[in-house]
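Below are the chains, spelled out letter by letter.
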Amino acid sequence: AQSVAQPEDQVNVAEGNPLTVKCTYSVSGNPYLFWYVQYPNRGLQFLLKYITGDNLVKGSYGFEAEFNKSQTSFHLKKPSALVSDSALYFCAVSSDRGSTLGRLYFGRGTQLTVWP
Amino acid sequence: NAGVTQTPKFRILKIGQSMTLQCTQDMNHNYMYWYRQDPGMGLKLIYYSVGAGITDKGEVPNGYNVSRSTTEDFPLRLELAAPSQTSVYFCASSTTGRGFYEQYFGPGTRLTVT
C-alpha cells in the first residue's frame, strides 16, 4: 500500500537559515513525489515534483527537494528561509502501477514556522 | 482562468440535514477529486472521477455521494450529516490520472455539523 510519513509535525527555523522538511514514502512501483504548500484558509498549492531523472528537483519560491531511492525519502529544502515561507507543507506520493494508479497519498503535514 | 472554484466557503449543518458542495473547474481537466482534511491527518480521498459519467470511491466514501454530468462540475452530496463529517473539504482536478501530473486544488469548504 502507498503511504507517506512526515516525521515532524512542526519545524521552526530562523529567517536566513536553511530549512529542511522531511518526507519518507512507501509505494509499489516507481514513485511520483510531490510537495504542496497550504497557507492559512487556502487550498493546497503545488511546489514541485519528482517524476524521473535528476534526483535534485527545483520548484517554486526557491524550494528544492532531493529524491533518495535507497532511503525512500524526498526531503524539501531551502537554502535561506523567509518569514513568508511559514505555512503547512504536505508531501504526497503516487505511482505508475496498480489499482491506485494516479491517486495521491498525502502525509499528515508539517507546520513550518520561520521567525524573524 | 479561475482554476478550481468551490462553494460555499463555510457552512454549518445540523445533524441529519443534507447539502451539496459545489466544485467547478475551467481547465478542461478529465480527472476530478474530493478530499477531506482533518487536523493532523492530512488529506483523505473521498471520491474521484475520471471523466463525465464515471466516478469511483476513494478511501473514505461512506456518507457521501457524487455525480459527474459534465467535465466542469463535480458536486459532493452529504445526505444525512453527522458530526464526524465536520471537516474542510477540497476539490481538485488534474489533466490525467497518470500519476505524474500535479493536481490543482480549490480554496476549500469548511463544514461544521452540530
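The rules we used
Residues numbered from 1 in each chain as written. Chains lettered and ligands numbered in written order. Predicted model: local features only at pLDDT ≥ 70, side-chain atom pairs only at ≥ 80, totals over all residues. Heavy atoms only, no water. Contact = heavy atoms within 4.5 Å. Buried area = accessible area lost by both parts, 1.4 Å probe. Salt bridge = Lys/Arg side-chain N within 4 Å of Asp/Glu carboxyl O. Polar contact = N/O pair within 3.5 Å; in protein donor to acceptor, adjacent residues only side chain to side chain. Helix = DSSP H or I, 4+ residues; strand = E, 2+ residues; numbered from the N terminus. Buried < 20%, exposed > 50% of the residue type's maximum accessible area, 1.4 Å probe, protein only. Disulfide = S-S within 2.5 Å. Pairing = 2+ DSSP bridges.

### Topic: the interface of chain B and chain A
Counting residues at the interface gives 24 residues for chain B, matched by 23 residues for chain A. Both sides together, the interface formed by chain B and chain A hides about 1,800 Å², and carbon and sulfur atoms give 54% of it. Run the count over chain B and chain A and you get 1 salt bridge. Among the salt bridges present, the one from A:Lys49 reaches B:Glu102, with a minimum N-O distance of 2.8 Å. For the pair chain B and chain A, the number of links is 4 residue pairs in polar contact (both at pLDDT 80 or more). Looking at the side of chain B that touches chain A, the elements with two or more residues in it are β4 (31-37) and β5 (43-51) of chain B.

### A short note on the pattern of salt bridges
A full pass over the atoms with the stated rule returns 6 salt bridges over all chains. As a salt-bridge pair, A:Lys58 and A:Glu64 come within 2.9 Å of each other at their nearest N and O atoms. For A:Glu64, a relative accessible area of 18% gives the class buried. Put simply, B:Arg36 and B:Asp38 hold a salt bridge, and the shortest N to O gap is 3.1 Å.

### Digging into the state of the cysteines
Simply put, disulfide is the name for a covalent bond between the sulfur atoms of two cysteines. Residues and elements named next belong to chain A. Under the defined criterion, the tally for this structure stands at 2 disulfides over all chains. Cys 23 shares a disulfide with Cys 91; S-S distance 2.0 Å. One quick way to see it: the torsion about the S-S bond of Cys 23 and Cys 91 is about -65 degrees, and its sign makes the bridge left-handed. Highlighted residues: Cys 23 in the loop between β3 (19-21) and β4 (24-26) and Cys 91 in strand β10 (residues 87-95), separated in sequence by 68 residues.

### Side note on the pairing of strand β1 (residues 4-7) of chain B
All names here are of chain B. On β1, burial follows the alternation: Val 4 and Gln 6 on one face are buried, whereas Thr 5 and Thr 7 on the facing-out side are not. Bridge count for β1 against strand β3 (residues 19-25) is 4 bridges, and the pairing is antiparallel. Paired with Thr 5 across the bridge in β3 is Thr 24.

### What about the environment of B:Pro61?
All names here are of chain B. With respect to the secondary-structure elements, Pro 61 resides in the loop between β6 (54-57) and β7 (64-66). In this structure Pro 61 comes out as buried when scored by relative accessible area, which is 12%. Taking the C-alpha atoms as reference points, Pro 61 and Thr 96, 35 residues apart in sequence, are found 22 Å from one another. Discounting chain neighbours no more than four positions away, the residues touching Pro 61 are Ile 46 and Tyr 47.

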